[in-house]
Amino acid sequence: MITERDKREIGEICCCFPTRRAAALEALQIIQKNHSWVSDENLKAAAGLLGMTPDELDGVASFYSMIFRKPVGRHVILVCDSISCWIRGHEGILDQLVTRLGIRPGETDAVGRFTLLPTSCLGACDHAPAMMVDDDLHGDLTPERIEAILASYP
Ligand code: FES
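Computed from a predicted model, the values in this text were never measured in an experiment. (Residues numbered from 1 in each chain as written. Predicted model: local features only at pLDDT ≥ 70, side-chain atom pairs only at ≥ 80, totals over all residues. Heavy atoms only, no water.)

Q: Help me understand the overall build of the protein, please; the structure alone is not making it clear to me.
A: A count of helical and extended segments in the protein gives seven helices and four strands. Across the protein, helices and strands are ordered from the amino to the carboxyl terminus as α-α-α-α-β-α-α-β-β-β-α. Along the three orthogonal principal directions, the C-alpha set of the protein runs to about 50 × 35 × 25 Å. Expressed as a percentage of its 154 residues, the buried residues of the protein come to 42%. Residue pairs at least 24 apart in sequence account for 60% of intrachain contacts in the protein once pairs closer than 6 positions are excluded. (Helix = DSSP H or I, 4+ residues; strand = E, 2+ residues; numbered from the N terminus. Buried < 20%, exposed > 50% of the residue type's maximum accessible area, 1.4 Å probe, protein only. Contact = heavy atoms within 4.5 Å.)

What follows is the structure, encoded as structure tokens:
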């Protein structure tokens, strides 16, 4: 359920834009920051605050892979799935994550610790292959480094 805090923060961010609907992405980010994902209920409420229909706001949400429309684990791993990373070992990194976590891309592990998601270029092609865990960028990955990286996210 959308909270007074959500409403206040969305109201504040709307002041930075020429129209309320122009703050759609920022409003979704606020909802996600406060709830870890964007439920249908919260999306509908946010759309009302922005003067948009839920379908319009869902269109914005679905355009951005970093807006989560399903519940996620405590930590979200975004594995780059674009050309520079393909060339430099993406497959080995993904295999290691799948093996280590016991989940496929798009899934959350049984204890709710990690969600594994593919994403387009992270803008770190010079350090491919790359992934993000929460807000942290990890580049120059090797399968051998994966265990230590995962261990740093309890
Ligand atoms: S292609 Fe992976 S970071 Fe750019």
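Q: What's the story with the packing of helix α1 (residues 4-14) against helix α3 (residues 40-50) in this structure? I'm lost.
A: Two quantities define a packed helix pair, namely the angle between the axes and the distance from one axis to the other. Between α1 and α3, whose axes approach to 11 Å, the crossing angle comes to 40°. Classed by the angle they form, the pair α1 and α3 counts as oblique. As α1 packs across α3, the resulting crossing turns out to be right-handed. Two secondary-structure elements touch here, α1 through Lys 7, Ile 10 and Cys 14 and α3 through Ala 46, Leu 49 and Leu 50. Its residues assigned to classes, the contact of α1 with α3 shows five nonpolar, no polar and one charged. (Axes fitted to C-alpha atoms, helices over the stretch in contact; angles between N-to-C directions. Parallel < 35°, antiparallel > 145°, perpendicular 65-115°, else oblique. Left-handed = near helix turned anticlockwise from the far one by under 90°. Nonpolar A, V, L, I, M, F, W, Y, C, P; charged D, E, K, R; others polar.)

Q: Is there a simple way to think about the layout of surface pockets in this case?
A: To find leftover empty space, a probe the size of one water molecule is rolled over the atoms. There is about 470 Å³ of room inside the largest pocket. In terms of lining residues, the largest pocket is bounded by 18 residues, among which Gln 32, Met 66, Phe 68, Asp 134 and Asp 135 are the most central. Mapped by element, the contributors of at least two residues to the lining of the largest pocket are α2 (24-35) and β1 (75-80). With four residues, the single largest contributor to the lining of the largest pocket is α2. Residues lining the lining of the largest pocket come from more than one domain, with at least three contributed by each of domain 1 (4-63) and domain 2 (75-151). Considering only enclosed or pocket space, the second largest pocket measures out at about 200 Å³ in volume. Along the walls of the second largest pocket sit 13 residues, with Phe 68, Arg 69, Lys 70, Val 72 and Leu 117 positioned nearest its centre. Considering every element that reaches the lining of the second largest pocket, the biggest residue donor is strand β2 (residues 114-119), with three residues. Among the residues forming the lining of the second largest pocket, the class breakdown is seven nonpolar, four polar and two charged. (1 Å grid on protein atoms, 1.4 Å probe; cavity = no way out; pocket = protein on both sides within 12 Å on 5 of 7 lines; lining within 4 Å. Points joined across faces, edges and corners; volume = space filled by probe spheres on them. Domains from an automatic or database assignment.)

Q: It is not clear to me how the pattern of salt bridges should be interpreted in this structure. Could you clarify?
A: Pairs may arise between side chains of opposite charge once their charged atoms sit close together. Scanning all chains against the criterion turns up eight salt bridges. The residue Glu 4 makes a salt bridge to Lys 7 at a minimum N-O spacing of 3.4 Å. With Glu 4 and Lys 7 both in helix α1 and three residues apart, the pair spans about one turn of that helix. Judged by its relative accessible area of 58%, Glu 4 falls in the exposed class. The partly exposed category is assigned to Lys 7, whose relative accessible area is 37%. Lys 33 is the salt-bridge partner of Glu 9, the closest N and O atoms lying 2.9 Å from each other. (Salt bridge = Lys/Arg side-chain N within 4 Å of Asp/Glu carboxyl O.)

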